[in-house]
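Working through the structure, step by step
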Amino acid sequence: MTFRPLKHTLICAAVLGALSLAPVMAQTAGTTTTTTTTTATHESVTLSNQFDTFAGSTTNAQALVQGLRDGTAITLTEPAPTTGTGTTTGTTTTVSTTFTPATGPMGYGNVKIALSLAEASLAKAGITDPTAAELEAALNGGTLVLADGTSIDLNGVLAARAAGEGWGQIANSMGFKLGDVMRSPKAAGSASASAHAHAGVSVTKVEFGKSHLADRPSATDHAGKPDFAGKPDFANKPTIPDRPQIPDHPTHAGRPGG
């Protein structure tokens, strides 16, 4: 009977200790989840801020970053083109363009590279304030038809990536060095050889549906590699004549005795 109160005291202390640990454990788990979410949000916001001018607005930049990150449809909005001479005060009409990236989900690092290459490719064509259709062409591929009737083919950085090309290979095919593009996409594009020929271009329309990678071998396609099947048959190769045998040394069996 003497130990019963002590036993009850110990049980109560154990229960109270367990209850006090539960909120701490829950708080720790919640902190981990919050930290992960905060990190992802920070990277998304950083990229969106970096490309908001290129995308035309912060909303468009966020749509680009999130769509490329998740591999989901991207919807871009922009003011509707004005027609005629009449104006309506106090009203703003917008149009939306929706497209799906040619690649699947990508990490934020790859998203940054893709957008940087797209910006450089448009700057090379003389376009520094692209429309939604021009952004889509730079990413997925398309043809820019200019006001003078000429056209500029954009292979699309995502289309090339989906075909198995590496980022460095894609940059080289566009005439860039990847390091220069990552430091300043617009500067890299403007400095390319053909940029000045299209400075201040006026694009009348953008055509899609044409595969600009059809004539380009994929990363694993080596069709142009020399075929060794027709290599000369060495079975009939002339043989090297046998070396003449060295005659045996004469024996000294019949040598006169000394």
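Since the model is a prediction, treat every value here as computed from it, not as a measurement. (Residues numbered from 1 in each chain as written. Predicted model: local features only at pLDDT ≥ 70, side-chain atom pairs only at ≥ 80, totals over all residues. Heavy atoms only, no water.)

1. So, the overall build of the chain
Rules: Helix and strand labels come from DSSP, where a helix needs a run of H or I of at least four residues and a strand needs a run of E of at least two; each type is numbered from the N terminus. Relative accessibility decides the category of a residue: with a 1.4 Å probe and only protein chains considered, values under 20% of the type maximum give buried, values over 50% give exposed, and everything between is partly exposed. Each accessible area is a Shrake-Rupley result for a 1.4 Å probe, and residues are judged covered by the shown protein chains and nothing else.
For the chain, the count of helices and strands is nine helices and five strands. Ordered by position in the sequence, the α and β elements of the chain form the string α-α-α-β-β-α-α-β-β-α-α-α-α-β. Taking all 258 residues of the chain together, the buried fraction comes to 28%. Element-wise, carbon and sulfur atoms account for 57% of the exposed surface of the chain, whose accessible area totals about 16900 Å².

2. Details of the sheet that holds strand β5 (residues 203-207)
Let me state the cut-off plainly: One requirement defines pairing of two strands: DSSP has to find at least two bridges between them. The axes used here are C-alpha line fits, helices contributing only the stretch in contact, and every angle between their N-to-C directions lies in the interval 0 to 180 degrees.
Judged by pairing direction, the sheet is antiparallel, and its three strands sit side by side in the order β4-β3-β5 without closing on themselves. Bordering the open sheet on either side are β4 (151-154) and β5, each of which pairs with just one other strand. For this sheet, the mean inter-axis angle between neighbouring strands, taken without regard to orientation, is 20 degrees. Of the strand pairs in this sheet, strand β3 (residues 142-146) and β5 are connected by four bridges, and their pairing is antiparallel. Counted as the bridge partner of Thr143 is Glu207 from β5.

3. Re the nonpolar core
Across soluble globular proteins, nonpolar side chains have a tendency to be buried as a group. Where we set the bar: In these notes, a set of buried Ala, Val, Leu, Ile, Met, Phe, Trp, Tyr and Cys residues joined through side-chain atoms within 4.5 Å is what counts as a nonpolar core.
Within the largest apolar cluster, 43 residues are counted, with the highest numbers of intra-cluster contacts made by Leu64, Leu115, Leu117, Leu122, Leu139, Leu144 and Val157. Sort the elements by how many residues they give to this core and helix α4 (residues 108-124) lands first, with nine residues.

4. A closer look at the packing of helix α3 (residues 58-70) against α4
Packed helix pairs are characterised by how far apart their axes lie and by the angle those axes make with each other. For clarity, the threshold we go by: Oblique is the label for every angle not falling under 35 degrees (roughly parallel), over 145 degrees (roughly antiparallel), or within 65 to 115 degrees (roughly perpendicular). In this scheme the crossing of two helices becomes right-handed for a clockwise turn of the near helix relative to the far one and left-handed for an anticlockwise turn of less than a right angle. By definition, residues are in contact when any of their heavy atoms lie within 4.5 Å.
Look at α3 against α4: their axes get within 9 Å of each other, and the N-to-C directions meet at 125 degrees. The orientation of α3 relative to α4 falls into the category oblique. Considering only the axes of α3 and α4, their crossing is right-handed. Packed against α3, whose contacting residues are Leu64, Val65, Leu68 and Arg69, the element α4 presents Tyr108, Val111 and Leu115 at the interface.

5. Brief notes about α4
Put simply, the rule reads: In this scheme, a helix's expected span is set at 1.5 Å multiplied by one less than its residue total.
For α4, with 17 residues, the first-to-last C-alpha span of 24 Å sits near the 24 Å given by 1.5 Å per residue. Buried residues dominate α4, accounting for 13 of its 17 residues. Downstream of α4 by one or two residues, Gly126 has phi in the positive range, about 90 degrees.

6. Some details on the side chain of Ser116
Here Ser116 lies in helix α4. For Ser116, the contacting residues outside a window of four places in its chain are Phe51, Val181, Met182 and Pro185.

7. Section: the environment of Val201
You can see Val201 is positioned in the loop between α9 (185-190) and β5. Judged by its relative accessible area of 21%, Val201 is partly exposed. Taking C-alpha positions, Val201 is 6.0 Å from Gly126, a pair spaced 75 residues apart along the chain. Apart from the residues lying within four places of it in its own chain, the contact partners of Val201 are Ala125, Gly126, Ile127 and Leu146.

8. Brief notes about the pattern of salt bridges
Rule in force here: We count a salt bridge whenever a side-chain nitrogen from Lys or Arg sits within 4 Å of a carboxyl oxygen from Asp or Glu.
What the rule picks out here adds up to two salt bridges. The residue Asp180 makes a salt bridge to Arg183 at a minimum N-O spacing of 2.4 Å. Of this pair, Asp180 and Arg183 both sit in helix α8 (residues 178-183), three residues apart, roughly one helical turn. According to the relative accessible area criterion, Asp180 is partly exposed, its value standing at 33%. Between Lys205 and Glu207 there is a salt bridge, with the nearest N and O atoms lying 3.5 Å from each other. Overall, Lys205 belongs to the partly exposed group, its relative accessible area being 44%.

9. Regarding the environment of Leu117
Turning to its location among the elements, Leu117 is positioned in helix α4. A C-alpha to C-alpha distance of 8.4 Å links Leu117 and Ala138, two positions 21 residues apart in sequence. Beyond its immediate chain neighbours, meaning those up to four positions away, Leu117 contacts Val157, Trp167, Ile170, Ala171, Met174, Leu178 and Val181.

10. Overview of the packing of aromatic side chains
To keep things clear, this is the line we draw: Here is the rule: rings of Phe, Tyr and Trp (six-membered ring for Trp) pair when centre to centre is within 6.5 Å. Planes less than 30 degrees apart are stacked, more than 60 are edge-to-face, and the remainder are tilted. By the criterion adopted, a ring carries a charge over it if an Arg CZ or a Lys NZ lies within 6 Å of its centre and within 35 degrees of its normal.
For the structure shown, the criterion picks out zero aromatic pairs. A cation over an aromatic ring shows up here: Arg69 above the ring of Tyr108, its NZ or CZ 5.0 Å from the ring centre. Above the face of the Phe176 ring, Lys124 is positioned so that its terminal group lies 5.6 Å from the ring centre.

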